[in-house]
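Each chain, letter by letter, is given below.
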Amino acid sequence: MFKSIFANNPPLCYNYAVQQFLSSLGRVCAIIGAQWGDEGKGKATDILAGHFDVIARACGGANAGHTIVVKGRKHVFHLLPSGCLHEGKPVILGAGMVIHLPTLLEEIATLREAGIDILPRLHISHEAHIIFNYYKAMDAALEERRSRAKGQGIGTTKRGIGPAYTEKAARSGIRMERLEDDLSQELQQRAKDAQTLYGVTVESAEELAALKEAAALLADRVSDTVDLIHRYRSEGKTILVEGAQGVLLDIDHGSYPFVTSSSTSSAGALQALGLPPNALTSCIGIAKAYCTRVGSGTFLTEAPEEDAQRLRDRGGEYGATTGRPRRCGWLHLPDLCRGALTNGFTHWNITKLDVLDEEKEIPIGTGVDAQGKPVFDYLPGWQASTIGITSFEGLPENARQYIRYIGEQTGVPVALIGTGPEREHMIVKN
Ligand code: GDP
Ligand code: IMO
Ligand code: MG
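First things first, this report covers the structure right here in the doc. (Residues numbered from 1 in each chain as written. Chains lettered and ligands numbered in written order. Predicted model: local features only at pLDDT ≥ 70, side-chain atom pairs only at ≥ 80, totals over all residues. Heavy atoms only, no water.)

**Topic: the overall build of the protein chain**
A tally of helices and strands in the protein chain yields 13 helices and 17 strands. Computed over C-alpha atoms, the radius of gyration of the protein chain comes to 21 Å, within 12% of the 22 Å expected from 2.2 N^0.38 for 430 residues, which places it in the range of a compact globule. Projected onto its principal axes, the C-alpha positions of the protein chain cover 65 × 55 × 40 Å. Split into buried and exposed, the 430 residues of the protein chain put 56% on the buried side. Taken together, the 45 basic and 50 acidic charged side chains of the protein chain have centroids lying 1 Å from each other. (Helix = DSSP H or I, 4+ residues; strand = E, 2+ residues; numbered from the N terminus. Rg over C-alpha atoms; globule rule 2.2 N^0.38 Å. Buried < 20%, exposed > 50% of the residue type's maximum accessible area, 1.4 Å probe, protein only. Lys, Arg positive; Asp, Glu negative; His and termini not counted. Charge placed at Lys NZ, Arg CZ, Asp CG, Glu CD.)

**Examining the site of ligand 1**
Lys41, Gly42, Gly65, Thr67 and Asp354 are the nearest of the 17 residues found near ligand 1. Asp38 is positioned such that a nitrogen or oxygen atom in its side chain is 2.9 Å from an oxygen atom of ligand 1. With respect to ligand 1, the backbone of Thr67 contributes an N or O atom lying 2.7 Å from an oxygen atom. In isolation ligand 1 offers 590 Å² of accessible surface; the protein chains occlude 92% of this area. In this structure the site holding ligand 1 corresponds to the second largest pocket. Elements that contribute at least two residues to the shell around ligand 1 include exactly helix H3 (41-49) and strand E3 (66-70). Grouping the amino acids of the shell around ligand 1 by side-chain chemistry returns two nonpolar, eight polar and seven charged. (Near = heavy atom within 4 Å. Polar contact = N/O pair within 3.5 Å; in protein donor to acceptor, adjacent residues only side chain to side chain. Areas by Shrake-Rupley, 256 points an atom, 1.4 Å probe, with all protein chains shown as cover. 1 Å grid on protein atoms, 1.4 Å probe; cavity = no way out; pocket = protein on both sides within 12 Å on 5 of 7 lines; lining within 4 Å. Sits in = over half its atoms within 2 Å of the grid points. Nonpolar A, V, L, I, M, F, W, Y, C, P; charged D, E, K, R; others polar.)

**Notes on the pattern of salt bridges**
What the rule picks out here adds up to 23 salt bridges. Arg423 is the salt-bridge partner of Asp46, the closest N and O atoms lying 2.7 Å from each other. Taken together, the residues Asp46 in helix H3 and Arg423 in the loop between strand E16 (414-418) and strand E17 (426-428) connect sequence positions 377 residues apart. Neither Asp46 nor Arg423 differs from the other in exposure class; each is buried. A salt bridge links Glu317 to Lys352; its shortest N-O distance comes to 3.0 Å. Here Glu317 is found in the loop between helix H11 (305-315) and strand E12 (327-329), whereas its partner Lys352 is found in the loop between strand E13 (347-351) and strand E14 (361-368), with 35 residues between them in sequence. By relative accessible area, which is 0% here, Glu317 ends up buried. Residues joined by salt bridges that share partners form a network here, namely Asp38, Lys288, Glu317, Arg326 and Lys352. (Salt bridge = Lys/Arg side-chain N within 4 Å of Asp/Glu carboxyl O.)

**Details of the pairing of strand E4 (residues 73-77)**
Alignment of E3 against E4, held across five bridges, turns out to be antiparallel. Across the sheet, the residue bridging to His66 is Phe77, located in E4. In textbook terms, the turn of a hairpin is the stretch between consecutive antiparallel strands, and for E3 and E4 this stretch comprises two residues, one of which, Lys71, has a positive phi near 50°. (Pairing = 2+ DSSP bridges.)

**Regarding the pairing of strand E6 (residues 122-125)**
Here E6 shows two buried faces, one formed by Leu122 and Ile124 and the other by His123 and Ser125. For strand E5 (residues 91-100) and E6, the ladder comprises three bridges, and the chain directions are parallel. If you follow Leu93 over to E6, its bridge partner there is Ile124. The parallel pair E5 and E6 is bridged by helix H4 (residues 101-113), and the resulting crossover is right-handed. Of the pairings in the sheet, the one linking E6 to strand E8 (residues 222-223) comprises two bridges and is parallel in character. Across the sheet, the residue bridging to Ile124 is Val222, located in E8. (Right-handed = clockwise from strand over helix to strand, strands pointing away.)

**Points about empty space enclosed by the protein**
This model, assessed by the stated rule, comprises three cavities of 30 Å³ or more. The space that makes up the largest cavity amounts to roughly 60 Å³. Lining the largest cavity, in full, are His100, Leu101, Pro102, Ile130, Ile131, Phe132, Asn133, Glu207, Ala210 and Leu211. If you list the elements that add at least two residues to the lining of the largest cavity, you get H4, strand E7 (129-131) and helix H8 (204-218). The greatest single-element share of the lining of the largest cavity, amounting to three residues, is contributed by H8. For the lining of the largest cavity, a count of residues per class yields seven nonpolar, two polar and one charged. There are two domains that each give the lining of the largest cavity at least three residues, and those are domain 1 (14-128 + 222-428) and domain 2 (129-221). In this structure, the second largest cavity spans a volume of roughly 50 Å³. (Points joined across faces, edges and corners; volume = space filled by probe spheres on them. Domains from an automatic or database assignment.)

Below, the structure written as structure tokens:
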């Protein structure tokens, strides 16, 4: 029976190494992507959620696509935190989020079909912003405008993220606290602006109907989640924060302007949840054993197409949200080091090590030369399968060397290593 898959069994069994690792995480742990997103945050969240009391998403919207695989079955989350498969655990959508309500309803319905009723334990911040359908059309119109003016767009997910955060910063956004209000007049005014400024038609009746449907289901799930999270804290509950996107997509510290519109950092996540900076007891930086990017912008260590296609094929590197092929390349140590500094990574989870199993030699970007070209170190490959290996000692020596190298060069210990998409495909390393 499907439900039994998600019974509250913690995915990591409690041996000594696992106990040591879990106790090193403390009461509030954030999971933060260290690259351009899609590092495997969802899988780490799903695994660790079994060991935490409360799971929260902080920022972003349905631009995120977090895939987890449980007993061969794939689940993709865009708005709900990936930890929501663990029954009984409260899940929070924080104030920094921008929420497309029909997408949220769809996710709730998909979970219900799978035998999980998330509603009683779902808490949505009244301060989170609503994404209307027409924001998506605006997003597309803006992309087209950029393409015309500059020859290329940002390559957004067209989920209305930019327009939602633009409205938020302009202080004209509509927040979840207004879910039950009559917004017809306001939408009419907005329809005029959208038409004049972006050539976008607002289907007011459709938007209002979507709001009504969402309000019927979600109105009593909207609350002051800052108050709630602090109540949980005062009760001694542990909190797992699932980041979205990655540090190189951060609006301040990412590869601007080819970034998303929110703060993707640990600090951004805390701010969005109303937690103080000193609440964070650990921060796991998630990085692939190589690197990918969806959308435009520089990618210093991007591999030539033949190598990129090999990584893409082995890693299944196609976007979970848009299906776009991900650009593929190699690690770039300076980015990992900077991400560690700006986010306070206490541990690494290096994911998808198995994708490198057939490589003869693995380039790792260590910086740039005087011409701005990337400089690489080359580590020997292991050319043996690591799929599903669950102990560090069980890895081929060259794979261990590769992992040690990342830890040494970044100064952050590697605690988790992904060796496949399944829940069980994870090494806990002491
Ligand atoms: P997220 O956005 O950071 O949650 O990452 P995505 O879910 O978008 O992309 C990561 C993809 O890699 C998903 O399809 C995962 O199932 C898969 N994945 C995660 N960890 C591993 C791993 O260690 N090995 C392999 N082969 N796949 C993994
Ligand atoms: P997860 O959480 C990968 C990228 C888009 C684009 C840029 C701006 O699954 O890691 P946006 O729609 O946010 O305005 O697009 O950011 N992007 C992501 N890339 N994973 C994501 O989320 C992303 N969210 C946004 O591809 O380049
Ligand atoms: Mg993703």
